[in-house]
Amino acid sequence: MELKDLLKESCILMDAPLKTKDEVFRALSGELEEAGIVADRDQFRKAVEYRETLSETGLEDGIAIPHGIDTSVRQAAIAYVRLPEAIAWESMDGGPVRHIFLLAIPETGDKIHIRMLSELAMQLVRKETRQALNDIRTKDELYQIL
């Protein structure tokens, strides 16, 4: 499984002026629906919001990996947004986030979410990858660092 195959180009938002977690979830769920990944953006968003109540999805250094497992997801995919300014988020280091990778996982996806999370986390644990996220200018550059 390659991250670049799961990260949908049409679901990458660069410097989107979103100010809250709710705005992020609405925007990315909408992008996933428009790409045909999610059948019902609102149903999927509710699954993501529910998952957020279970534990924090913010890592460290301004990165979050929220995810939703739902019947509305047609195929596993990742949507991404880089925000111009970090926003409040429950995270391991207590800090705000600027980079959000939203994982869409089919309910019948067995353990695909564990593989997706671990593969993405392995990439994001590298300091140079985290720094590069701040410097990328294009979607192609995002694909290159992942």
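About the thresholds
Residues numbered from 1 in each chain as written. Predicted model: local features only at pLDDT ≥ 70, side-chain atom pairs only at ≥ 80, totals over all residues. Heavy atoms only, no water. Helix = DSSP H or I, 4+ residues; strand = E, 2+ residues; numbered from the N terminus. Buried < 20%, exposed > 50% of the residue type's maximum accessible area, 1.4 Å probe, protein only. Contact = heavy atoms within 4.5 Å. Salt bridge = Lys/Arg side-chain N within 4 Å of Asp/Glu carboxyl O. Phe/Tyr/Trp six-rings, centres within 6.5 Å; stacked < 30°, edge-to-face > 60°. Lys NZ or Arg CZ within 6 Å of the ring centre and 35° of its normal.

**Examining unusual backbone geometry**
- You will see that D15, though not glycine, has its phi angle at about 55°, which is positive.
- Inspection of the secondary structure assignment puts D15 in the loop between β1 (7-14) and α2 (21-34).
- A positive phi angle, close to 60°, is found at D61, a residue other than glycine.
- Along the chain, D61 falls in the loop between α3 (41-54) and β2 (63-64).

**Concerning the environment of L117**
- Its location among the elements puts L117 in helix α4 (residues 112-124).
- Overall, the relative accessible area of 21% leaves L117 in the partly exposed class.
- As a C-alpha pair, L117 and I65 span 52 residues in sequence and 7.8 Å in three-dimensional space.
- Those residues in contact with L117 that sit more than four places away from it in its chain are I65, H67 and L103.

**Notes on the pattern of salt bridges**
- Taken as a whole and assessed by the stated rule, the structure comprises 12 salt bridges.
- Of the charged contacts in the structure, one is a salt bridge between E34 and R41, with a shortest N-O distance of 4.0 Å.
- Given the relative accessible area of 30%, R41 is considered partly exposed.
- Between E128 and R126 there is a salt bridge, with the nearest N and O atoms lying 3.2 Å from each other.
- Taken together, the shared-partner salt bridges in this structure form one network comprising D15, R82 and R98.

**Description of the packing of aromatic side chains**
- Throughout the structure, instances matching the rule amount to 2 aromatic pairs.
- When the ring of F25 is compared with that of W89, the centres are 5.7 Å apart and the planes differ by 80°; the resulting orientation is edge-to-face. You can see F25 sitting in helix α2 and its partner W89 sitting in the loop between β4 (77-87) and β5 (97-106), a full 64 residues away along the chain.
- Summarising the aromatic geometry, the rings of Y80 and F101 are spaced 4.7 Å apart at their centres and angled 45° between planes, so their arrangement reads as tilted. In this pair, Y80 sits in strand β4 while F101 sits in strand β5, placing the two residues 21 residues apart along the sequence.
- For Y80, a relative accessible area of 0% translates into the label buried.
- For F101, a relative accessible area of 1% puts it in the buried group.
- Directly above the aromatic system of W89 lies the positively charged group of K21, at a separation of 4.8 Å from the ring centroid.

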